[in-house]
Amino acid sequence: MSKKTKINIAIAATLIPLFALNLVYGAVSIPVEAVADILLGNGSGQPTWDYIVKQARLPQATTAILCGSSLAVSGLLLQTAFRNPLAGPSIFGINSGASLGAACVLLGMGGGMTLGTVTFTGFMAVITASFAGAMAVMAVLLAFSRIVKNNVMLLITGIMIGYVASSAIALLNFFSTEEGVHSYMVWGLGNFGGVSLDMLPAFAAVTACGLTAAMLLTKPLNALLLGEQYAENLGVNTVSLRNKLLLVTGLLTASATAFCGPIAFIGLAVPHVARMLLNTDNHLQLIPATMTTGAATALLCNLVCVLPGEHGMIPLNAVTPIMGAPVIIYVIMKRRK
C-alpha cells in the first residue's frame, strides 16, 4: 500500500469520530449511550431525544458530508481547468445565481412560488428557486463558452454575471419587507440543518451523480495539468472538457447552495489542503482526498457552530472563513516566494 493511499485512508477515518461528535453534541445534551441506542433502533425512552437525533442531527451531519464533498471537488476541478489557485465555485457567479433565485422567493414572492399547477412554499420553494437560478447561470456560461475560447475571458464573464446577480439582489432587498430581508439574510448565512430526512435522498442522489462524473474526468484532468497543447496532442478535446467541467461543477455547486445556502471558503481552501497532505497533483488520488477532506472540514465547521450549546448556534459562514482564509493566505505567500 502506497503512502498516499494510507493518507487517503487516514483522512477518511477522521470522518467517523467527527460524524459521531456531530450526533452527540448539540444544543440539547443527550448521553452517548442514549444516542447509540437511538441509532441502533432501540430508542432512548425519551421521544424528544429520538426526534433530535434521527430527524435533526443525523440529516444535518449527512448533509455536511455531502455539501463539503461537493464544494471541495468543485473547487478542485475549477482550479485545474483554469490553472488558477484562487478559482472556486463562487467565482463563476453560480452561487450568485442560486442566491438570486432564493432572493426572488424570499424577497419578491413572500416565500412561495408557483410553477404551472404546482405550488411550492417555504424551504421547498427556496430550494427550487435556488437550483433554477444556479442552473440558469450555468446555461449562460455554457453558451458563452462556445463564443469565448480564452479561459481568462470566460472567468471574467462569470465574475460579471455574479455582479449582475448581486445587483438584482440588492434591488430586491431595497424594495422588500423587513421580514423578507431577515429571511434572506438568515438563508445567506448558510446552514447544514435545513435538509430534512425526507429531502436527503434527493440531495444525495444529485451529489453522487456529480462526484461520479468528476471521478470519470481524472485522466483528461491529469493531461490538462501539462498544458492545453499537450493535452490536445494526447487526444483531449479541451473545449469539450471545459464544458463538462462547468456542467459538473455547476451541478454540484447548484445543489449544495440550493439546499444549504452559499457556503464560503470550503470550495476554495480544501483542494489546497488535500494537495498539501498528499503532495501530488494526480487527480486519481487527489479527487478522493478532496472529497473526504471537504466532508471532514464541513463536519468540523458544523461542530464548531454548535459549541455555544444552549445559547444558540454560530452562523456557518462565520466559521468557514476562519478555517479557510489562513489556507488561502498561506498559498498566496508560498507562490510569491
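Small disclaimer: the values here were computed from a predicted structure and weren't measured. (Residues numbered from 1 in each chain as written. Predicted model: local features only at pLDDT ≥ 70, side-chain atom pairs only at ≥ 80, totals over all residues. Heavy atoms only, no water.)

A. Main features of the overall build of the chain. For the chain, the count of helices and strands is 15 helices and 2 strands. In terms of overall dimensions, the chain is globule-like: its C-alpha atoms have a radius of gyration of 20 Å, near the 20 Å expected for 337 residues. By its C-alpha atoms, the chain is 65 × 55 × 40 Å across when sized along the principal axes. Within the span of the chain, comprising 337 residues, buried residues form 48% of the whole. Restricting the contact set of the chain to residue pairs at least 6 apart, pairs at least 24 apart contribute 76%. Counting every atom, the chain has about 15,900 Å² of accessible surface; 67% of that belongs to carbon and sulfur. (Helix = DSSP H or I, 4+ residues; strand = E, 2+ residues; numbered from the N terminus. Rg over C-alpha atoms; globule rule 2.2 N^0.38 Å. Buried < 20%, exposed > 50% of the residue type's maximum accessible area, 1.4 Å probe, protein only. Contact = heavy atoms within 4.5 Å. Areas by Shrake-Rupley, 256 points an atom, 1.4 Å probe, with all protein chains shown as cover.)

B. Representation of the packing of helix 4 (residues 47–81) against helix 12 (residues 238–260) in the model. For the pair helix 4 and helix 12, the least separation of the axes is 9 Å and the interaxial angle reads 150°. Classified by the angle between their axes, helix 4 and helix 12 sit roughly antiparallel to one another. At the point where helix 4 passes helix 12, the crossing takes the left-handed sense. Packed against helix 4, whose contacting residues are Thr63, Cys67, Ser70, Leu71, Val73, Ser74, Leu77, Leu78 and Ala81, the element helix 12 presents Leu245, Val248, Thr249, Leu252, Thr253, Ala256 and Cys260 at the interface. Residues that form the contact of helix 4 with helix 12 fall into these classes: 11 nonpolar, 5 polar and no charged. (Axes fitted to C-alpha atoms, helices over the stretch in contact; angles between N-to-C directions. Parallel < 35°, antiparallel > 145°, perpendicular 65-115°, else oblique. Left-handed = near helix turned anticlockwise from the far one by under 90°. Nonpolar A, V, L, I, M, F, W, Y, C, P; charged D, E, K, R; others polar.)

C. Inspection of the side chain of Thr320 at higher detail. Within the secondary structure, Thr320 sits in helix 15 (residues 316–336). Classification of Thr320 as buried rests on a relative accessible area of 3%. In terms of polar contacts, Thr320 uses its side chain to reach the backbone carbonyl oxygen of Ala264, at 3.1 Å. (Polar contact = N/O pair within 3.5 Å; in protein donor to acceptor, adjacent residues only side chain to side chain.)

D. Layout of a nonpolar patch on the surface. Side chains of Val152, Met153, Ile156, Met160 and Tyr163 sit close together on the surface and give an oily, nonpolar patch of about 500 Å² of accessible area. Examined against the element boundaries, Val152 turns out to sit in helix 7 (residues 151–175). The exposure class assigned to Val152 is partly exposed, which follows from its relative accessible area of 49%. (Patch = residues over 30% accessible without salt bridge, like charges linked within 9 Å, V, L, I, M, F, W, Y side chains within 5 Å. Salt bridge = Lys/Arg side-chain N within 4 Å of Asp/Glu carboxyl O.)

E. Structural detail: the packing of helix 3 (residues 32–39) against helix 4. One way to put it is that helix 3 packs onto helix 4 with a least axis distance of 10 Å and a crossing angle of 70°. If you check the angle between helix 3 and helix 4, you find them roughly perpendicular. Taken as a pair, helix 3 and helix 4 cross one another with a handedness that is right-handed. Contacts from Ala34, Val35, Ile38 and Leu39 in helix 3 reach Trp49, Asp50, Val53 and Lys54 in helix 4.

F. Quick look at the pattern of salt bridges. Summed over the entire model, instances satisfying the criterion amount to 1 salt bridge. Between Asp281 and Arg275 there is a salt bridge; the shortest N-O distance is 3.6 Å. Classification of Asp281 by relative accessible area gives partly exposed; the value is 42%.

G. Quick peek at unusual backbone geometry. The backbone of Phe265 sits at a positive phi, close to 75°, despite the residue not being glycine. Positionally, Phe265 belongs in the loop between helix 12 and helix 13 (266–278). By relative accessible area, which is 28% here, Phe265 ends up partly exposed. One non-glycine residue, Asn279, adopts positive backbone phi at about 55°. Along the chain, Asn279 falls in the loop between helix 13 and helix 14 (283–305).

None of this, on its own, says anything about what the molecule does.
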